[in-house]
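# Fold and geometry: a report
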Amino acid sequence: MERILSAQAIPWIFLAVSLVGATFTLSALLRARKLFVFIVPYFFGAWLTGELALHHLAWQVVASIVFMALGALQSWPGLLGLAITLASWVGLLALHRRGMGAVASFERSLRDGLGEAYQDVEPLPEQAPLHQWVRPFRLRQAGVERIADLAYADGGERNLLDVIRSRVPSEGRPILLQIHGGAWVISRKEHQGQPLMNELALRGWLCVAPNYRLSPQATFPDHLIDVKRALAWIREHAAAYGGDPRFVAVTGGSAGGHLASLVALTANDPEYQPGFEEVDTSVSACVPFYGVYDLLDRHGFRGFQSPVPFFERVLMKCSPEEQRERWERASPTSRVHADAPPFLVIHGTHDCLAFVEDAREFVRALRDVSRKPVVYAELPGAQHAFDIFHSPRSRHAVNATARFLEYVRSGSQARLDSESPPQERQA
């Protein structure tokens with residue numbers, strides 16, 4: 001009797017598993033953003049499926065073979081499950097193709113923003129190494145070292161930074177300041193930006209990743225002040241690690257994208273440099289990933305999911321009605337100006353945590369006034385945090401960012417060389 005029941009249950013179990021797999025696939029294919037309490041589980045399902053479509057395809061293939069061997073196709077629920085699974089496989093292949101297609105979006109954006117000259121920067125091979133495909137969460141890179149937990153201020157572990165560089169000794173490395181995200185309340189310097197920093201380190205860059213104080217204990221602009229203190233540390237100490245503090249670019253994702261943009265747009269603002277006002281906190285370029293640019297949500301893009309109540313309670317500790325100017329000054333969209341450094345703004349159309357419309361408005365405002373290039377790469381189907389681990393889209397993002405930064409650096413280096421005394425250039 002138990003054997004009969006088990007045999008009868010197999011097709012139903014296969015149908016249930018097929019529905020689960022198809023739900024993951026649909027979550028990544030469809031853009032669903034205003035889900036209220038369901039937004040977090042939807043995000044994780046869409047994010048992991050969209051970036052790891054072939055991994056999902058692999059487990060679904062293995063599960064289907066096992067169930068078919070157990071007799072799942074001997075009744076209609078199993079046949080229905082197979083049909084659903086086949087449709088899910090088609091969707092997963094489409095997701096993989098969309099991730100691979102990010103290269104076209106980046107190439108078009110770089111060409112439109114920089115002109116054809118950007119193509120002089122050598123790109124990465126389009127195909128990632130096999131280990132990155134098979135083990136996307138293995139982020140250590142041979143030939144790259146991490147010097148961890150260097151103090152840049154006196155705030156304990158939240159004022160520590162890591163230096164990431166090639167093991168091959170060299171001097172005069174351009175510098176990338178990587179700011180982690182985490183909604184201003186969680187995460188650490190080790191958790192984000194690893195594919196980008198590893199690649200740049202191999203290309204001869206020095207990367208610096210700081211922690212910073214987190215809310216609700218910290219109130220804005222504490223987070224920004226800490227990041228600027230890390231930048232001050234770079235100006236003073238990076239040369240000892242082989243870095244060239246004359247060229248510093250800044251990047252970050254989500255809350256890190258917000259802070260990176262503010263770093264770029266508030267150079268040498270004494271409000272955010274208490275006690276180190278004399279330090280040069282300008283940067284040469286900025287690459288925010290899926291950032292938050294308007295804390296006020298003034299266009300109402302988020303609707304009933306407006307983040308303003310969260311910001312009011314956790315980040316700003318005041319309402320926009322009480323201190324509107326503080327909120328404006330904390331919003332990168334309000335801080336754009338003609339002397340902004342070159343920007344590469346990267347955002348996905350399917351981002352359910354930081355809406356793409358916010359990025360579009362920021363880019364429009366920046367392009368209206370900035371005298372420097374403003375490149376905008378909008379990636380079809382990309383979810384929040386798509387670059388944290390290895391995936392086809394992540395690799396194309398790393399490649400595009402590296403090419404943008406190398407292009408900007410080549411212009412900066414030519415200017416620095418022209419400004420150097422003749423005897424220094426000859427030496």
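Refer to the structure presented above.
Since we're looking at a predicted model, the values are computed, not measured.

Strand 6 (residues 285-289) sits mainly inside the fold: five of its five residues count as buried. Burial along strand 6 is two-sided: Ala 285, Val 287 and Phe 289 and Cys 286 and Pro 288, pointing in opposite directions, are all buried. Here five bridges tie strand 5 (residues 243-253) to strand 6, and the two strands are oriented parallel to one another. Within the sheet, the bridge partner assigned to Gly 252 lies in strand 6 and is Pro 288. Of the strand pairs in this sheet, strand 6 and strand 7 (residues 343-348) are connected by two bridges, and their pairing is parallel. The residue of strand 7 that forms the bridge with Cys 286 is Phe 343.

All right, on to the packing of helix 8 (residues 222-237) against helix 9 (residues 255-265) then. Two elements in contact, helix 8 and helix 9, have axes separated by 10 Å at closest approach and are oriented at 65 degrees. Crossing of helix 8 against helix 9: the hand is right-handed. Contacts between helix 8 and helix 9 involve His 223, Leu 224, Val 227, Lys 228 and Leu 231 from the first element and Leu 259, Leu 262 and Val 263 from the second. By residue class, the composition of the contact of helix 8 with helix 9 is six nonpolar, one polar and one charged.

Here the focus is the layout of surface pockets. In this structure, the largest pocket encloses a volume near 930 Å³. Elements with a minimum of two residues in the lining of the largest pocket: helix 2 (39-51) and helix 10 (308-315). In terms of residue class, the lining of the largest pocket is made up of 22 nonpolar, ten polar and one charged.

The subject of this paragraph is helix 2. The α-helix winds at 3.6 residues per turn, so residues separated by three or four positions along the chain end up facing the same way. Taking 1.5 Å per residue as the helical rise, helix 2 with its 13 residues ought to reach 18 Å, and the 18 Å between its terminal C-alpha atoms agrees with that figure. For helix 2, the complete set of buried residues consists of Ile 39, Tyr 42, Phe 43, Gly 45, Ala 46, Trp 47, Thr 49, Gly 50 and Glu 51.

Glancing now at the sheet that holds strand 6. The strand order across the open sheet formed by eight strands is 1-2-4-3-5-6-7-8, and the pairing between neighbours is mixed. Each of the sheet's edge strands pairs with one partner strand only, and the pair in question is strand 1 (144-151) and strand 8 (374-379). The average angle at which neighbouring strand axes cross in this sheet is 20 degrees, direction not considered. In this sheet, strand 4 (residues 206-210) lies alongside strand 3 (residues 173-179) in parallel orientation, the contact comprising three bridges. When the bridges of strand 4 are listed, Ile 175 appears paired with Leu 206. Each of strand 7 and strand 8 is contacted by helix 5 (residues 102-114), which is oriented at about 165 degrees to strand 8, the strand it contacts most.

Topologically, Cys 207 is positioned in strand 4. Taking the C-alpha atoms as reference, Cys 207 lies 32 Å from Leu 95; in sequence the two are 112 residues apart. Non-local contacts of Cys 207, meaning those with residues more than four positions away in its chain, are made with Asp 162, Val 163, Ile 164, Leu 176, Met 197, Leu 200 and Ala 201.

Moving on, we come to empty space enclosed by the protein. Using a probe with the size of a water molecule, rolled over the atoms, empty space left in the structure can be pinpointed. Per the counting criterion, the structure on display carries six cavities of 30 Å³ or more. Glu 51, Trp 133, His 390, Ser 391 and Pro 392 are, among the 18 residues lining the largest cavity, the residues nearest its centre. Elements supplying a minimum of two residues to the lining of the largest cavity: helix 2, helix 3 (53-69), helix 4 (76-100), helix 6 (130-134) and helix 13 (392-419). Taken together, the residues that form the lining of the largest cavity break down as eight nonpolar, seven polar and three charged. Estimated volume of the second largest cavity: approximately 110 Å³. Forming the walls of the second largest cavity are Val 292, Asp 294, Asp 297, Arg 298, His 299, Phe 301, Arg 302, Pro 307, Ala 354, Phe 355 and Asp 358. Across the lining of the second largest cavity, the residue classes tally to five nonpolar, one polar and five charged.

In the case of a regular strand, side chains alternate between the two sheet surfaces. A large share of strand 5 lies buried, amounting to nine of its eleven residues. Bridge analysis of strand 3 against strand 5 gives six bridges, and the strand direction is parallel. Its bridge partner being in strand 5, Gln 178 is matched across the sheet by Thr 251. A crossover links strand 5 with its parallel partner strand 6, the connecting element being helix 9, and its sense is right-handed.

All right, on to unusual backbone geometry then. Residue Pro 216 is reached from Ser 215 by a cis peptide bond, and omega for that bond is 10 degrees. Within the secondary structure, Pro 216 is located in the loop between strand 4 and helix 8. Residue Ala 183 is not a glycine yet carries a positive backbone phi of 60 degrees. Relative to the assigned elements, Ala 183 resides in the loop between strand 3 and helix 7 (194-202). For Ala 183, a relative accessible area of 31% translates into the label partly exposed. In this structure, Trp 184 is a non-glycine residue whose phi angle is positive, near 65 degrees.

What counts and what doesn't
- Residues numbered from 1 in each chain as written.
- Predicted model: local features only at pLDDT ≥ 70, side-chain atom pairs only at ≥ 80, totals over all residues.
- Heavy atoms only, no water.
- Buried < 20%, exposed > 50% of the residue type's maximum accessible area, 1.4 Å probe, protein only.
- Helix = DSSP H or I, 4+ residues; strand = E, 2+ residues; numbered from the N terminus.
- Pairing = 2+ DSSP bridges.
- Axes fitted to C-alpha atoms, helices over the stretch in contact; angles between N-to-C directions.
- Left-handed = near helix turned anticlockwise from the far one by under 90°.
- Contact = heavy atoms within 4.5 Å.
- Nonpolar A, V, L, I, M, F, W, Y, C, P; charged D, E, K, R; others polar.
- 1 Å grid on protein atoms, 1.4 Å probe; cavity = no way out; pocket = protein on both sides within 12 Å on 5 of 7 lines; lining within 4 Å.
- Points joined across faces, edges and corners; volume = space filled by probe spheres on them.
- Expected span 1.5 Å × (residues − 1).
- Right-handed = clockwise from strand over helix to strand, strands pointing away.

Nothing here speaks to function; it is all geometry.
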